[in-house]
Protein chains: 2
Amino acid sequence: MLEQQSRVEKALNAILPAADQRPEGLHSAMRYAVMGGGKRVRPLLVYAAGELVSANPDRLDLIACAVELIHAYSLVHDDMPCMDDDSLRRGRPTVHVEYDESTALLVGDALQSLAFQVLSERELADEPEGQLQMIEILASAAGSRGMAGGQAIDLESVGRELSEPELEFMHVRKTGALIRASVRLGALCARAHNVDMEALDRFSKVAGLGFQVVDDLLDAQSSTAILGKTAGKDASNNKPTYVSLLGVVRARDLAEELQRDALDVLKQLPQGGARLGDIAGFIFNRDF
Amino acid sequence: MLEQQSRVEKALNAILPAADQRPEGLHSAMRYAVMGGGKRVRPLLVYAAGELVSANPDRLDLIACAVELIHAYSLVHDDMPCMDDDSLRRGRPTVHVEYDESTALLVGDALQSLAFQVLSERELADEPEGQLQMIEILASAAGSRGMAGGQAIDLESVGRELSEPELEFMHVRKTGALIRASVRLGALCARAHNVDMEALDRFSKVAGLGFQVVDDLLDAQSSTAILGKTAGKDASNNKPTYVSLLGVVRARDLAEELQRDALDVLKQLPQGGARLGDIAGFIFNRDF
């Protein structure tokens, strides 16, 4: 996985406008927002799904960049004072703290535009129709019926008790949509006759939900130093989570059940899903 | 022009998620942001350029929607407290006033995603490669080297004196980029052998700059009641404008000069640019 993480870092570095290109302040802040580390889980999913269909690695670099740019923009906006109001991300000050709020707003806006520019300016699929489909998938996953919609439900839910289906409805959008899109985009990058796309999609849905359950457990049980972002935020913000709904023990059981489901689905894919299995391991076994 | 304005209103209404679709608050706010009137100058440019190349009107509807969604998202974010902090737009409370700041942030984000979804989900050009080019044009025009970059320069320039080339550099990006993209997208919607694309591009550059000069004159000389947004904001925000740089008389001269240039370029196009001439008239002769 380190190899893929370093591939996407290099590709992101090449794609982001130089910090000395005008407007310098905005471009430097865009680099600060994107190049500050992170696990690069979504790019890893792009590469792993792409390898299953023997996709061209240079194409996968650009697709991996596009999903990471969308993810990075969402973090910058989510951290702003009018949203989660967080001052720490990946162990460093958040963008609106290091720069200012207006810069953070424009950084997020420009990173989203850049994601669609990256997905449209070079050949990334065997047919251009396939590439248009990829853009449509990313746009839907990011929009009001995907990630932005999940974020809106998250904000509406502060202080409310959600049922488990309501919590799932939110997370399928807030984090699940982009994770699912990452797997689909990687797999659409080349024609695949031996890959069961439905199984791949089931895997990404389960892994996406699992990712969130583990995130909730980490927020409740880990420390700010280990997370590189403020721990215990969900409880102090009175946000419904799998931990607040189910308690730690049942939330852990749910994570284990989702991990088993994910690994079961992978058996239906060539080479047992190959690297997707490693990423599932990574998602489900992050440090508590 | 009324016919095209009503066409794009209808198309926007059909494209925006229903206000009773979850998350209802976000979808209702997206509709509030987009459906509140406005001159629809960018859609008018799409239709007029598209007519010159005999493009399919149903395709033009969707392209017109995409550019208007990008424009609408930029207004919602620009009005937020951390940017221009404006409470009035098109004669109504701005989105963060009518709803709240976090909703305004997500409305802008989701409208941008929706623009790219609209440009990718149906066939909009004679070849799919042409449609990918259209997406690339809109993404570049919206991003850090286009509209968002112009906005960043605008914020950096508060309280500073800019030279005329610096002011032009900012406006070419802040408002010019999307106006230019609107004309290009309309013209790319069908193959055109008799249309001089370079002349069309020169027209849109001149019209885009003229639009801004007229906007600066309106802000300085008109009333809040007529504009439907707060008048005199530029001076009270200490922003460099063509009026602050050149004074009213020379700014008016510049607008007239740009109008003559725009009409000259149109003579090089079939039917004298057809409806583009009407829109130039509209841009340059708005009420002072």
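In short, a report on the structure.

What counts, and at which threshold
- Residues numbered from 1 in each chain as written.
- Chains lettered and ligands numbered in written order.
- Predicted model: local features only at pLDDT ≥ 70, side-chain atom pairs only at ≥ 80, totals over all residues.
- Heavy atoms only, no water.
- Helix = DSSP H or I, 4+ residues; strand = E, 2+ residues; numbered from the N terminus.
- Rg over C-alpha atoms; globule rule 2.2 N^0.38 Å.
- Buried < 20%, exposed > 50% of the residue type's maximum accessible area, 1.4 Å probe, protein only.
- Contact = heavy atoms within 4.5 Å.
- Areas by Shrake-Rupley, 256 points an atom, 1.4 Å probe, with all protein chains shown as cover.
- Lys, Arg positive; Asp, Glu negative; His and termini not counted.
- Charge placed at Lys NZ, Arg CZ, Asp CG, Glu CD.
- Phe/Tyr/Trp six-rings, centres within 6.5 Å; stacked < 30°, edge-to-face > 60°.
- Lys NZ or Arg CZ within 6 Å of the ring centre and 35° of its normal.
- Disulfide = S-S within 2.5 Å.
- Axes fitted to C-alpha atoms, helices over the stretch in contact; angles between N-to-C directions.
- Parallel < 35°, antiparallel > 145°, perpendicular 65-115°, else oblique.
- Left-handed = near helix turned anticlockwise from the far one by under 90°.
- Least-squares fit on C-alpha atoms with pLDDT ≥ 70 in both.
- Salt bridge = Lys/Arg side-chain N within 4 Å of Asp/Glu carboxyl O.
- Core = buried A, V, L, I, M, F, W, Y, C linked by side-chain atoms within 4.5 Å.
- Buried area = accessible area lost by both parts, 1.4 Å probe.
- Polar contact = N/O pair within 3.5 Å; in protein donor to acceptor, adjacent residues only side chain to side chain.
- Nonpolar A, V, L, I, M, F, W, Y, C, P; charged D, E, K, R; others polar.
- Expected span 1.5 Å × (residues − 1).
- Bend = angle between axes of the 7 residues up to and from the residue.

**So, the overall build of chain A**
Step number 1: When you go through chain A residue by residue, the secondary structure sums to 14 helices and two strands.
Step number 2: Taking 19 Å as the expected radius of gyration for a compact globule of 288 residues, we find that chain A reaches 18 Å, a close match to that expectation.
Step number 3: With respect to the principal axes defined by its C-alpha atoms, chain A has extents near 50 × 50 × 30 Å.
Step number 4: The buried share among the 288 residues of chain A stands at 60%.
Step number 5: Nonlocal contacts in chain A, meaning residues at least 24 apart in sequence, comprise 72% of its contacts between residues at least 6 apart.
Step number 6: Summing over all exposed atoms, chain A offers an accessible surface of approximately 10,900 Å²; the carbon and sulfur share of this is 47%.
Step number 7: Positive and negative side-chain charges in chain A, numbering 30 and 43 respectively, have mean positions lying 2 Å apart.

**Thoughts on the packing of aromatic side chains**
In this description, a pair of aromatic rings is defined by centroid distance and the angle of the planes.
Step number 1: All told, the structure shown has three aromatic pairs over all chains when counted by the stated rule.
Step number 2: Each ring, one from F116 of chain A and one from F116 of chain B, has its centre 4.5 Å from the other, and the planes form 10°; the classification is stacked. Pair noted here: F116 of chain A is in helix α6 (residues 101-121) and F116 of chain B is in helix α6 (residues 101-121), and the two residues belong to different chains.
Step number 3: On the basis of relative accessible area, F116 of chain A is assigned to the buried category, the value being 0%.
Step number 4: Positioned above the aromatic ring of Y32 of chain B is the side chain of R92 of chain B, whose terminal nitrogen or guanidinium carbon lies 3.8 Å from the ring centre.
Step number 5: Here the guanidinium or amino end of R173 of chain B rests over the ring plane of F169 of chain B, the centre of that ring lying 3.5 Å away.

**Some points on the state of the cysteines**
Residues and elements named next belong to chain A.
Step number 1: Applying the stated criterion to the full structure yields zero disulfides over all chains.
Step number 2: Looking at C189, it has no disulfide partner, and the nearest cysteine sulfur is the one in C65, 13 Å off.
Step number 3: Taking the relative accessible area as the measure of exposure, C189 reaches 1% and is therefore buried.

**Some points on the packing of α6 of chain B against helix α7 (residues 128-142) of chain B**
Residues and elements named next belong to chain B.
Step number 1: Running from amino to carboxyl end, α6 crosses α7 at an angle of 165°, the nearest separation of the two axes being 10 Å. On the basis of their axis angle, the class for α6 and α7 is roughly antiparallel. Classified by chirality, the crossing of α7 by α6 is right-handed. Touching Q112, A115, F116, L119 and S120 of α6 are Q131, M134, I135, L138, A139 and A142, all from α7.

**Quick notes on the relation of the copies chain A and chain B**
Step number 1: The two copies are related by a screw motion: chain A maps onto chain B through a turn of 180° and a shift of 0.0 Å along the axis, at an RMSD of 0.0 Å. Within this description, the copies of the chain are treated as partners about a two-fold rotation axis. The rotation axis passes nearest to the C-alpha of P128 of chain A in chain A, at a distance of 2.9 Å.
Step number 2: Interface residue correspondence from chain A to chain B reaches 100%, placing this contact among same-surface, isologous pairings.

**Examining the pattern of salt bridges**
Step number 1: Inspection of every chain in the model, using the stated rule, returns 35 salt bridges over all chains.
Step number 2: The residue R191 of chain A makes a salt bridge to D126 of chain A at a minimum N-O spacing of 3.7 Å. Separated by 65 residues along the polypeptide, R191 of chain A in the loop between α9 (164-188) and α10 (197-221) and D126 of chain A in the loop between α6 and α7 (128-142) bring together distant segments of the chain.
Step number 3: Here E51 of chain B makes a salt bridge to R275 of chain B, at a shortest N to O gap of 2.7 Å. With E51 of chain B in helix α3 (residues 41-52) and R275 of chain B in helix α14 (residues 275-284), this pair connects stretches of sequence that are 224 residues apart.
Step number 4: Judged by its relative accessible area of 29%, R275 of chain B is partly exposed.

**Thoughts on the nonpolar core**
Step number 1: Judged by nonpolar contacts, the single largest core of 204 residues is most densely connected at L69, L111 and L138 of chain A together with L69, L111 and L138 of chain B.
Step number 2: With residues near it in sequence (within four places) discarded, L111 of chain A still touches L16, M30, A33, V34, L69, A72 and Y73 of chain A.

**Details of the interface of chain A and chain B**
Step number 1: Counting residues at the interface gives 47 residues for chain A, matched by 47 residues for chain B.
Step number 2: Across the interface of chain A and chain B, roughly 4,100 Å² is buried in total on both sides, 65% from carbon and sulfur atoms.
Step number 3: Counting across the chain A and chain B interface gives zero salt bridges.
Step number 4: At the junction of chain A with chain B, the criterion picks out 10 residue pairs in polar contact (both at pLDDT 80 or more).
Step number 5: Within the residue set of the side of chain A that touches chain B, elements represented by two or more residues are α2 (24-34), α4 (57-78), α6, α7 and α8 (147-156) of chain A.
Step number 6: With 13 residues, the top contributor of residues to the side of chain A that touches chain B is α6 of chain A.
Step number 7: Here the side of chain A that touches chain B is built from residues that sort into 24 nonpolar, 15 polar and eight charged.

**Some points on the side chain of Q4 of chain A**
All names here are of chain A.
Step number 1: Secondary-structure assignment places Q4 in helix α1 (residues 2-15).
Step number 2: Polar contacts involving the side chain of Q4 include one to the side chain of E51, which spans 3.3 Å.
Step number 3: Beyond its immediate sequence surroundings of up to four residues, Q4 is in contact with L44, Y47, E51 and R275.

**Structural notes on the environment of R42 of chain A**
Residues and elements named next belong to chain A.
Step number 1: Take R42: it is sitting in helix α3 (residues 41-52).
Step number 2: For R42, a relative accessible area of 6% translates into the label buried.
Step number 3: Remark: the alpha-carbon pair of R42 and P270, spanning 228 residues in sequence, is separated by 21 Å.
Step number 4: The residues contacting R42, other than those within four sequence positions of it, are V67, E68, H71, L178, I179, S182 and F211.

**Section: helix α13 (residues 242-266) of chain B**
Residue and element names in this part refer to chain B.
Step number 1: For α13, spanning 25 residues, the distance from its first C-alpha to its last is only 25 Å, which falls clearly below the expected 36 Å at 1.5 Å a residue.
Step number 2: The principal kink in α13, of about 95°, is found at V248.
Step number 3: Buried residues of α13: Y242, V243, L246, A251, L254, A255, L258, Q259, A262, V265 and L266, and no others.

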